[in-house]
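A closer look at the structure
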Amino acid sequence: MNEDTLKLAEKDVAAEWKRAFESDPSGKEKYYITVAYPYPSGAMHVGHGRTYIVPDVIARFWRMRGRQVLYPMAFHVTGSPVIGISKRIARGDEKTLILYRDLYKVPQAVIDQFSDPLAIVEHFSNEYERVMRRLGLSIDWRRRFTTIIPHYSKFIEWQYSHLYGQGRVVIGAHPVKYCPQCENPVGDHDLLEGDKSEIVRFIFVNFEADGCLIPCATLRPETIFGVTNLWINPDISYVKADVDGVTWLVSREAADKLAMQKHTVSIIGEIAGSELVGSMVSHPLCGSVRILPAGFVDPDMGSGIVMSVPAHAPYDYIALRDLQQQGQYTDIAPISLISVEGYGEIPAKEAVERAGIHDQLDPKMDEVTQEVYSAEFSRGKLNARCGEHEGKPVRVARDDLSEVMEENYGSIRFFDFDNKPVICRCGSRAFVRILDDQWFLNYSDPVWKQQVHDQIAQISLVPPEVRAEFDRTVDWLKDWACTRRVGLGTRVPWDPKWLFEPLSDSTVYMAYYTIAHRISEIPAESLTPEVFDYIFLGKGDPQGVDRSLLDGLRSEFLYWYPYNYRFSAKDLISNHLTFQLFHHRAIFPDELQPEGMVVFGMGLLNGAKMSSSKGNVFLLEDAAEEFGADTVRMFLVGSAEPWQDFDWRNELVSSTKKQIERFIGYVNESATATGVTDVDAWLASRLQRRIAQTTASLDLFQTRQALQEAYFGIESDLKWYRRRLPSGSAGGSVLRDVSTVWVRLLAPIIPFVCESLWRDLGNDGLVSYAEWPTPDNSRIDPTVELAEDLIARTVEDIESITKIIPITPVKITLFLAPSWKYEVFSKVAQAADRHMVTKELMKDESMRKRGKEAVTTVTQVTKLIHGLPPQLVTEICLNNPDERMIFSSALSFLEQEFKVVFEILSAEESDHAKAGMALPFKPAIVIE
């Protein structure tokens, strides 16, 4: 089957699948899976491919196991990202045009329409569906929707009518990420850069000089007692600003930020940083200190002026040391204020010198700083220099000093990002802004939090270790700004000047999928909250809507809900995946709570994180065109387990294509196999094991392991089988059994090829709906499998020896272990404490007679058992293989394989020096 034939098969099969996966309630048990719906603002890349292909493998697997499977898809277009893209394209932003024209390959005529954001939505949502179909995703496309259609908006209004009615949506003044260009708060999905940045609350420590306030932003107000100087950047200009009627000296960037945080700010003057060097400033808790020059001070961080505590801040210590080594400010000495176990009087100095750091640019500086800060916070206490605060743990003193600063010294809170830059999708920089009338979801409510903790304890999570991350997220989650002024989406029904932001309107849409294909039968204006109450909660008596239709919608919802598993990336634990637990808990009863989630790792391209904005992507359609849809699927499934990061590399994908071609060849060659051979029973037995192991792996979402068993395992068995066939034999009819099973086992992973092969094998219907193989235990023969395993291991040992010795063999002798060594093997294998085996064996008179030989055998056998698979060890103990019979029956194979005469002897029959080395399942080998 050449490449053209493969593409032709894809087209033929795709036509058969067009409506094959539309799923309705039936008498079968259901299996409902969902995946985070995509934001269609650009072309799909291979990272998206893994996100949607892995759930498809699971959907196909359960469909073949007889479940009624629902795998739906929709498109998330709420918010301002497409509006930002549209604006950038409208103003001719070259970087954006290159991205869409050259990377995403959008025709210029289509780009010309992108000044309308809805044109972007329409184009890419259609492209997503087309590419998803090309990759063989078994989606029920009847249920497709976008998050801005009127019916969905009515669903969001219903959801929030409950949350608002329960007091879970509140109005207040809180810091939010904000884009001045869009005049809108922005969430993580609205950002090109900085989506991991958190808003950090600093406190300004206010120094004074000449009637002017000089604030320094800090997270460590308790260190005021150890301030020796301030740092200022001599190379920039600072401004004097009237801030709420008081004159402040700050960087221009800080003045702009203060204006966004509910302060009245006007610039009244400007002064060069160099003019301030050497000036004296003061604070009541540390007295007068000097301003020193430091080029490392970032005007965009805090106020642009930094207070220096060289005893406890490694950066401050080394900056002061650098100046003093130049002969400057030698009268300033670090002031210790925190005693911490494991450090001397000056922790910063000790940590810097211990790490061998010579200057501020040393990459170890961040690590050393974190080390000192963590030590002081976890076990540090304030010393006598801190007056009434002496003896307080740092973690307590920090909060206490914050209150003291605010109450007695005019300090205020200041908010900024912990990492920069933070860039909106419109291309503009985002800032922290405090909004007065912003609506928030009060995720900080301890009762709500506890309800979600309880739910997390019950839900099935893959991998299980992410449970701790979910719990951590619930603990630190604060109130969430759930509305925006500008963008696409649903307006807040009780405050229409606001719209719900993207993450807040995508929390329970899994419920909407269940009715999405039929809800359009009801006009949007008739979809009151009472209608949705009836459908989803079974409450009320809505008027004006056909009751039989409502009953049908409720019946469908109850058939599918709750969903069985939700698939999404691990970076969404901190928002979407946890938010949806909060919302389900608030709205739905216990029996409709989510049952499970599978959390994905990240995607890499040639070792680097994929990023469309940085151009480091490989488009999914290009991958399908170059390698074939099944090749893409098999590589993405086989490169890592779903929760692990995967790395796309074209050279490795090419080898996957060859593996599929080998599979096709194996199946085609077996189509006419007939008769029986001596190794058929072994192959049939191995096949049952592969079925069981593949099934067990997919049950646990171990898609990579499933592929290892279903492809590489069976291929390995077939290679050995063909090797063991008598000369001239093409194999027995068991090969046809293998083929029909093999095609079904791989159908969830490479469905296009498997559909074609299923038809070629003479089967009716789609393999997508064929019965999943189940192991036939009557065909499992451990004795036969043990025999072949022994032969294979012995062949491997002989090959290893012949590679080393520089002779042409003329004879090979195999010395077989005597029965008493099998007794030792069994006792060692089953011993609770293998160190006691020798003592126990020596209680046996026959073993005592063997003396040192028995003791040596225990050591050798113990080492051998450690190197064997545990299941194999168990089988050896249970079946006690007859090695002489096994090797005698395989004698012609061995002699044919190595082109020499073989002799099989019991070790006890020979006085050869190597005979005594024979162990159970490991004959001693002598090559002459």
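Below is a short write-up of the structure.

About the cut-offs
Residue positions are counted from 1 within each chain, in the order its sequence is given. Local features in this predicted model are restricted to residues whose pLDDT is 70 or higher, and side-chain atom pairs enter the listing and the counts only when it is 80 or higher, whereas totals over whole chains, interfaces and linings include all residues. In computing side-chain properties, one takes all heavy atoms of the structure into account and sets aside hydrogens as well as water. A run of H or I in DSSP counts as a helix once it spans at least four residues, and a run of E counts as a strand once it spans at least two, with each numbered from the N terminus. Contacts between residues were defined by any pair of non-hydrogen atoms, one from each residue, lying within 4.5 Å. Here the rule is simple: two strands pair whenever DSSP picks up at least two bridges between them. Orientation is described by lines fitted to C-alpha atoms, with helices fitted over the stretch in contact, and by angles between N-to-C directions that extend from 0 to 180 degrees. Under the scheme applied here, a residue whose accessible area is under 20% of the maximum for its type counts as buried, over 50% as exposed, and between as partly exposed, the area being computed with a 1.4 Å probe on protein chains only. Whenever a nitrogen or oxygen atom comes within 3.5 Å of another N or O atom, the pair is scored as a polar contact, on the condition that within protein one atom can donate a hydrogen and the other can accept it, and that pairs from neighbouring residues in sequence are kept only if both atoms are in side chains. Here, the term right-handed applies to a crossover whose path from the first strand over the helix to the second runs clockwise when the strands point away from the viewer. Paired rings are identified among Phe, Tyr and Trp, the last through its six-membered ring, by centres lying within 6.5 Å, and are further divided according to the angle between planes into stacked (under 30 degrees), edge-to-face (over 60) and tilted (the rest). For a ring to carry a charge above it, either NZ of a lysine or CZ of an arginine must fall within 6 Å of the ring centroid while also lying within 35 degrees of the normal to the ring plane. Within this document, salt bridges are pairs made up of a side-chain nitrogen of Lys or Arg and a carboxyl oxygen of Asp or Glu, the two lying within 4 Å of each other. Working definition: roughly parallel below 35 degrees, roughly antiparallel above 145 degrees, roughly perpendicular at 65 to 115 degrees, and oblique for all remaining angles. Crossings are classed by handedness, with left-handed meaning an anticlockwise turn of the near helix from the far one by less than a right angle and right-handed meaning a clockwise turn. Residues are sorted three ways: Asp, Glu, Lys and Arg are charged, Ala, Val, Leu, Ile, Met, Phe, Trp, Tyr, Cys and Pro are nonpolar, and all the rest, Gly among them, are polar. The disulfide definition used here is simple: a pair of cysteine sulfur atoms within 2.5 Å.

All right, on to the side chain of His389 then. With respect to the helices and strands, the residue His389 is situated in the loop between β16 (380-382) and α13 (394-408). Excluding residues within four positions of it along the chain, His389 makes contact with Phe225, Leu382, Leu401 and Val404.

Spatially, the three strands line up as an open sheet ordered β30-β29-β31, and their pairing is mixed. Among the strands making up the open sheet, the edge pair consists of β30 (901-906) and β31 (924-927). Adjacent strand axes in the sheet meet at a mean angle of 20 degrees when their direction is disregarded. In this sheet, β31 lies alongside strand β29 (residues 811-816) in antiparallel orientation, the contact comprising four bridges. Across the sheet, Phe815 pairs through a bridge with Ala924, a residue of β31.

Before going further, it helps to spend a moment on the environment of Asn126. Along the chain, the position of Asn126 falls in helix α6 (residues 117-134). Take Asn126: its relative accessible area is 38%, and that puts it in the partly exposed class. With 86 residues separating them along the chain, Asn126 and Pro40 place their C-alpha atoms 8.8 Å apart. Engagement of the side chain of Asn126 in a polar contact is seen with the side chain of Arg144, the distance being 3.0 Å.

This paragraph deals with the pairing of strand β25 (residues 596-600). Among the five residues of β25, five are classified as buried, and the element is accordingly described as predominantly covered. Burial of the side chains of β25 extends over both faces: Gly596, Val598 and Phe600 are buried on one face and Met597 and Val599 on the other. Relative to β25, strand β20 (residues 460-462) is paired through three bridges, and the arrangement is parallel. By the bridge assignment for β25, Leu461 is matched with Met597. In terms of strand pairing, strand β24 (residues 565-569) meets β25 through four bridges, oriented parallel. Considered in β25, the bridge of Ala569 is made with Phe600. Handedness of the crossover joining β24 and β25 through helix α19 (residues 576-587) is recorded here as right-handed.

For the structure shown, the criterion picks out 62 aromatic pairs. Ring geometry for Tyr443 and Phe582: centres 4.8 Å apart, planes at 50 degrees, overall tilted. Highlighted residues: Tyr443 in the loop between β19 (431-441) and α14 (446-458) and Phe582 in helix α19, separated in sequence by 139 residues. A single burial state applies to Tyr443 and to Phe582, both of which are buried. Directly above the aromatic system of Trp448 lies the positively charged group of Arg168, at a separation of 4.4 Å from the ring centroid. In this arrangement the basic side chain of Arg547 is found over the ring face of Tyr534, its NZ or CZ atom lying 4.7 Å from the centre.

Once that is clear, we can look at the pattern of salt bridges. By the definition in use, this model includes 65 salt bridges. Across the salt bridge formed by Glu625 and Arg134, the nearest N and O atoms sit 3.0 Å from each other. Of this pair, Glu625 sits in helix α20 (residues 620-627) while Arg134 is found in helix α6, placing the two residues 491 residues apart along the sequence. Where Lys922 meets Asp797, a salt bridge forms, and the shortest distance between an N and an O atom there is 3.1 Å. Taken together, the residues Lys922 in the loop between β30 and β31 and Asp797 in helix α27 (residues 782-804) connect sequence positions 125 residues apart. Given the relative accessible area of 24%, Asp797 is considered partly exposed. Residues participating in the shared-partner salt-bridge network are Arg19, Glu22, Asp24, Asp140, Arg142, Arg143 and Glu556.

This next bit is on the packing of helix α28 (residues 819-830) against helix α32 (residues 870-879). It is the contact of α28 with α32, at a shortest axis distance of 10 Å, that shows an interaxial angle of 130 degrees. When the axes of α28 and α32 are compared, the pair comes out oblique. Considering only the axes of α28 and α32, their crossing is left-handed. Of the residues in α32, those in contact with Tyr822, Phe825, Ser826, Ala829 and Gln830 of α28 are Val873, Ile876 and Cys877. A per-class count over the contact of α28 with α32 returns six nonpolar, two polar and no charged.

Our next topic: the packing of helix α24 (residues 703-724) against helix α25 (residues 734-746). For the pair α24 and α25, the least separation of the axes is 10 Å and the interaxial angle reads 165 degrees. Our classification of the angle between α24 and α25 gives roughly antiparallel. Every pair of crossing elements has a handedness; the one defined by α24 and α25 is left-handed. For the pair formed by α24 and α25, the contact residues are Leu707, Ala710, Tyr711, Ile714, Glu715, Leu718, Tyr721 and Arg722 on the first element and Val734, Leu735, Val738, Trp742, Leu745 and Leu746 on the second. Taken together, the residues of the contact of α24 with α25 sort by class into twelve nonpolar, no polar and two charged.

Attention shifts here to the state of the cysteines. By definition, a disulfide links two cysteine residues through a covalent bond between their sulfur atoms. The full count for this structure, using the stated rule, is zero disulfides. Of all cysteine sulfurs in the structure, the one in Cys286 sits closest to Cys216, which takes part in no disulfide; the separation is 9.5 Å. On the basis of relative accessible area, Cys216 is assigned to the buried category, the value being 0%.

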